[in-house]
Amino acid sequence: MSAFDLLLDALRDAHANHPKLAEFVAFPDDLTPLEMEPRHLPCADYVYNDALFAAAQMPLAQAFLQAGPDAFWRDTYAQTDIGEDFLNRFGCYCAIGAGSPWKSEKMSGFVTMMPPGLYYTWHHHPAEELYVVLAGEAEFYREGEPPETLREGDTSFHASNQPHAMETKDSSVMCYVTWRNHLGIKPVLTERQVTLG
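Since the model is a prediction, treat every value here as computed from it, not as a measurement. (Residues numbered from 1 in each chain as written. Predicted model: local features only at pLDDT ≥ 70, side-chain atom pairs only at ≥ 80, totals over all residues. Heavy atoms only, no water.)

Caption draft 1: Main features of the pairing of strand 9 (residues 164-167). Note that strand 5 (residues 119-124) and strand 9 share 3 bridges and pair antiparallel. Within the sheet, the bridge partner assigned to His123 lies in strand 9 and is His164. Of the pairings in the sheet, the one linking strand 6 (residues 128-142) to strand 9 comprises 4 bridges and is antiparallel in character. Counterpart to Glu139 in the pairing with strand 9 is Glu167. (Pairing = 2+ DSSP bridges. Helix = DSSP H or I, 4+ residues; strand = E, 2+ residues; numbered from the N terminus.)

Caption draft 2: Layout of the pattern of salt bridges. In the structure shown here, the tally under the stated rule is 9 salt bridges. Glu148 is the salt-bridge partner of Arg142, the closest N and O atoms lying 3.4 Å from each other. The exposure class assigned to Arg142 is buried, which follows from its relative accessible area of 15%. (Salt bridge = Lys/Arg side-chain N within 4 Å of Asp/Glu carboxyl O. Buried < 20%, exposed > 50% of the residue type's maximum accessible area, 1.4 Å probe, protein only.)

Caption draft 3: Molecular detail of the packing of aromatic side chains. Taken as a whole, this structure holds 14 aromatic pairs when the rule is applied. Ring plane angle 40° and centroid distance 5.9 Å describe the contact between Phe64 and Tyr176, whose orientation is recorded as tilted. In this pair, Phe64 is assigned in helix 5 (residues 59-67) and Tyr176 in strand 10 (residues 173-180), connecting sequence segments 112 residues apart. You'll find Phe64 and Tyr176 in the same group, each marked buried. Ring centres of Phe110 and Trp179 lie 5.8 Å apart, and the angle between their planes is 75°; on these two criteria the pair is classed as edge-to-face. On the criterion of sequence distance, the pair formed by Phe110 in strand 4 (residues 108-114) and Trp179 in strand 10 is long-range, its members being 69 residues apart. The exposure classification of Phe110 matches that of Trp179, with both residues buried. Taken together, the ring pairs connect Phe4, Phe64, Trp73, Tyr93, Trp102 and Tyr176 into an aromatic cluster. One Lys or Arg, Arg74, reaches over the ring of Phe110 and ends 5.1 Å from the middle of that ring. (Phe/Tyr/Trp six-rings, centres within 6.5 Å; stacked < 30°, edge-to-face > 60°. Lys NZ or Arg CZ within 6 Å of the ring centre and 35° of its normal.)

What follows is the structure, given as structure tokens:
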């Protein structure tokens, strides 16, 4: 089996066994294959030099690490003013959806990985979103809500077009991110002032 086949099995298990993930979206029954060429970006180098990720206990975290060398690493914000440092250190690739081996009309699923000391600025998108922390910890920010420090197994839900951000401090973080509805519309940086609860 390929690393992406093993990742698919780990995703299926995660959707079946994590209550909040299962409630948010069922594992899709409409997967269709896509053509995908691997693409390496500098952010992947941080991922594979991170001792916390290497020691991650959740099977899905290890499955994402194993598939990483064959993945199409994304640079979603390359045409924005988010900054070169962020682009070089924010790791992300898709497991189900554009730029992955499979597509579903019901959900998209991808992994995000951030080293310590990185700020993922305010952004939003029409898709509803659920983050599941697979390793490490980060501070999560959502418009209208107080900040939360989330760790392995914790989740953060983002409503449609609700601005949100996240920040790592002393720890790196790896998250499984799922979208439902409005799957084809990319995130954009939030330009207006955002108020926390």
